[in-house]
Amino acid sequence: MDRKQVGDILEKVQIHRQSFLITKPVLNEWTRVLEPYDFDDVNKKLDEYFKDSDNFGRYPDVFYLVKFLKTTEEKNDIIIPKIICKICRKKVNYEDYNKHFGRCSSIEYLEEMSKRYLEKDLNKDKLYSMDDLTFEKNYYEICRRIYDKMPGGFPKHLLENVLLTYVGKSPNYKLDEITEDLFNDRIS
């Protein structure tokens, strides 16, 4: 908080407590105490102070206003928990994990299927670095090429349904048909 913002806080106190005097030493001391804090946080705490009927006619204390508040630096240093991805073993911020895991599992699928059916190795780093729209476009294009090389059966039927629904069409195979394919693949 800068000196002008502290002055605004002091003026607000004076509006609600007309006998409150703003002197240069008061401004200096309040600036020293409030400087590490955000204006909005202190202003909100001051509003709460004035709304509390127990404080009617009382002057707010500068140290009361910062009690339980985090400084700007402390707010910036909040530790975000990390999760280790089950696939790539990278540490990922908790709030980014679902998105990362979706991309990571898609890349792993593409890599495995490309080796098996296209006999090609993919550049995983390039796939990770793509924006979402470009990745999606490339993902479905590679899946289409994999589909063309796959033999019939459960994996092909699943991929066919995925490709059809991606372009807005209805799937060709129902769940019971795919389940039957899976069962037949396991028996043979």
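Residues numbered from 1 in each chain as written. Predicted model: local features only at pLDDT ≥ 70, side-chain atom pairs only at ≥ 80, totals over all residues. Heavy atoms only, no water.

## Quick look at the overall build of the protein
Consideration 1: When you go through the protein residue by residue, the secondary structure sums to 10 helices and two strands.
Consideration 2: Traced from its N-terminal end to its C-terminal end, the protein shows the element sequence α-α-α-α-α-β-β-α-α-α-α-α.
Consideration 3: Since a compact globule built from 188 residues should have a radius of gyration of about 16 Å, the 31 Å found for the protein marks it as more spread out than a globular shape.
Consideration 4: Taken along the three principal axes of its C-alpha coordinates, the protein extends 90 × 35 × 30 Å.
Consideration 5: For the protein, the proportion of its 188 residues judged to be buried stands at 34%.
Consideration 6: Residue pairs at least 24 apart in sequence account for 51% of intrachain contacts in the protein once pairs closer than 6 positions are excluded.
Consideration 7: For the protein, the accessible surface area stands at approximately 13,200 Å², while carbon and sulfur atoms represent 52% of it. (Helix = DSSP H or I, 4+ residues; strand = E, 2+ residues; numbered from the N terminus. Rg over C-alpha atoms; globule rule 2.2 N^0.38 Å. Buried < 20%, exposed > 50% of the residue type's maximum accessible area, 1.4 Å probe, protein only. Contact = heavy atoms within 4.5 Å. Areas by Shrake-Rupley, 256 points an atom, 1.4 Å probe, with all protein chains shown as cover.)

## Some remarks on the packing of aromatic side chains
Consideration 1: Applying the stated rule across the entire model yields eight aromatic pairs.
Consideration 2: Taking the centre distance of 6.1 Å and the plane angle of 65° together, the rings of Phe20 and Trp30 count as edge-to-face. Of this pair, Phe20 sits in the loop between helix H1 (3-16) and helix H2 (24-34) while Trp30 sits in helix H2, and the two are 10 residues apart along the sequence.
Consideration 3: Residue class for Phe20 comes out buried when judged on its relative accessible area of 9%. (Phe/Tyr/Trp six-rings, centres within 6.5 Å; stacked < 30°, edge-to-face > 60°.)

## A closer look at unusual backbone geometry
Apart from glycine, the bulk of residues carry a negative phi angle, and the bulk of peptide bonds sit in the trans form.
Consideration 1: Even without glycine at this site, Phe68 takes up a positive phi of about 75°.
Consideration 2: Topologically, Phe68 is positioned in the loop between helix H4 (62-66) and helix H5 (72-76).
Consideration 3: For Phe68, a relative accessible area of 75% translates into the label exposed.
Consideration 4: One non-glycine residue, Arg89, lies in positive phi territory at about 70°.
Consideration 5: Its location among the elements puts Arg89 in the loop between strand E1 (82-84) and strand E2 (91-93).

## Description of helix H6 (residues 97-118)
Consideration 1: With 22 residues, H6 extends 30 Å from end C-alpha to end C-alpha; this agrees with the ideal 32 Å at 1.5 Å per step.
Consideration 2: What H6 keeps buried is the set Tyr97, His100, Arg103, Cys104, Ser106, Ile107, Leu110, Glu111, Met113, Ser114, Tyr117 and Leu118.
Consideration 3: In this structure, the buried side of H6 is in contact with E1, E2, helix H7 (124-129) and helix H8 (132-149).
Consideration 4: Once H6 ends, the next one or two residues include Glu119, with phi positive near 55°. (Expected span 1.5 Å × (residues − 1).)

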